[in-house]
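Each chain, written out:
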Amino acid sequence: MKLTSELYYLTLISLMTAVMWMPYTVARILTRGLRLSLANPDPSHPPDPAWAQRAQRAHANAIENLAVFAPLVLIAAAMGISTPSTVFAAKLYLFARLVHYCVYAAGIPAARTLAFVTGSGATLVFAFVILGFIA
């Protein structure tokens, strides 16, 4: 299997998702100190800043959505499917998920929802191309 544009963007998406823990973990260390950050969770520990809590939820959401998007990209690649629609959808998904993480952490609900729906649309493009509904 060759590295198509879709697989390239899937690699970037996976890498981005893999490092989304860093900002909220740094915030936790700055809030609690390294010792308490490495300890078992305890309700008596100082809470993470609100933005860090939102970033953690955005990261969980990114993982949940990647579990749907990635197999579709891999199915398309295994089938030899690479179209302008799938290349665009892969780029769009990357952009949408990056925006989703940033605006979720920043607490901008309308933009968060728009970014989420955009990423979901990109996922649907892959499913529809695989099923032959669109070219």
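This text follows the structure it describes.
Residues numbered from 1 in each chain as written. Predicted model: local features only at pLDDT ≥ 70, side-chain atom pairs only at ≥ 80, totals over all residues. Heavy atoms only, no water.

Engineer: Quick rundown of the pattern of salt bridges? Include the residues and the values.
Structural biologist: Where charged atoms from two side chains of opposite charge come close, those side chains can pair. Following the criterion strictly, the structure yields two salt bridges and no others. Between Asp48 and Arg28 there is a salt bridge, with the nearest N and O atoms lying 2.5 Å from each other. Pair noted here: Asp48 is in the loop between α3 (34-38) and α4 (50-78) and Arg28 is in helix α2 (residues 21-32), with a separation of 20 residues, a long-range link. Salt-bridge contacts for Asp48 lead to Arg32; the nearest nitrogen and oxygen are separated by 3.5 Å. Of this pair, Asp48 sits in the loop between α3 and α4 while Arg32 sits in helix α2, placing them 16 residues apart in sequence. Residue Asp48 is classed as buried on the basis of its relative accessible area of 7%. (Salt bridge = Lys/Arg side-chain N within 4 Å of Asp/Glu carboxyl O. Helix = DSSP H or I, 4+ residues; strand = E, 2+ residues; numbered from the N terminus. Buried < 20%, exposed > 50% of the residue type's maximum accessible area, 1.4 Å probe, protein only.)

Engineer: Break down the nonpolar core for me, with residues and values.
Structural biologist: Counting 32 residues, the largest nonpolar core has Leu10, Phe69 and Phe126 as its most contacted members. Where this core is concerned, the elements lending two or more residues are α1 (5-18), α2, α4, α5 (84-106) and α6 (109-130). Broken down by element, this core gets its largest block of residues, eleven residues, from α4. With residues near it in sequence (within four places) discarded, Phe126 still touches Glu6, Phe69, Leu72, Val73, Ala76, Thr86, Ala89 and Ala90. (Core = buried A, V, L, I, M, F, W, Y, C linked by side-chain atoms within 4.5 Å. Contact = heavy atoms within 4.5 Å.)

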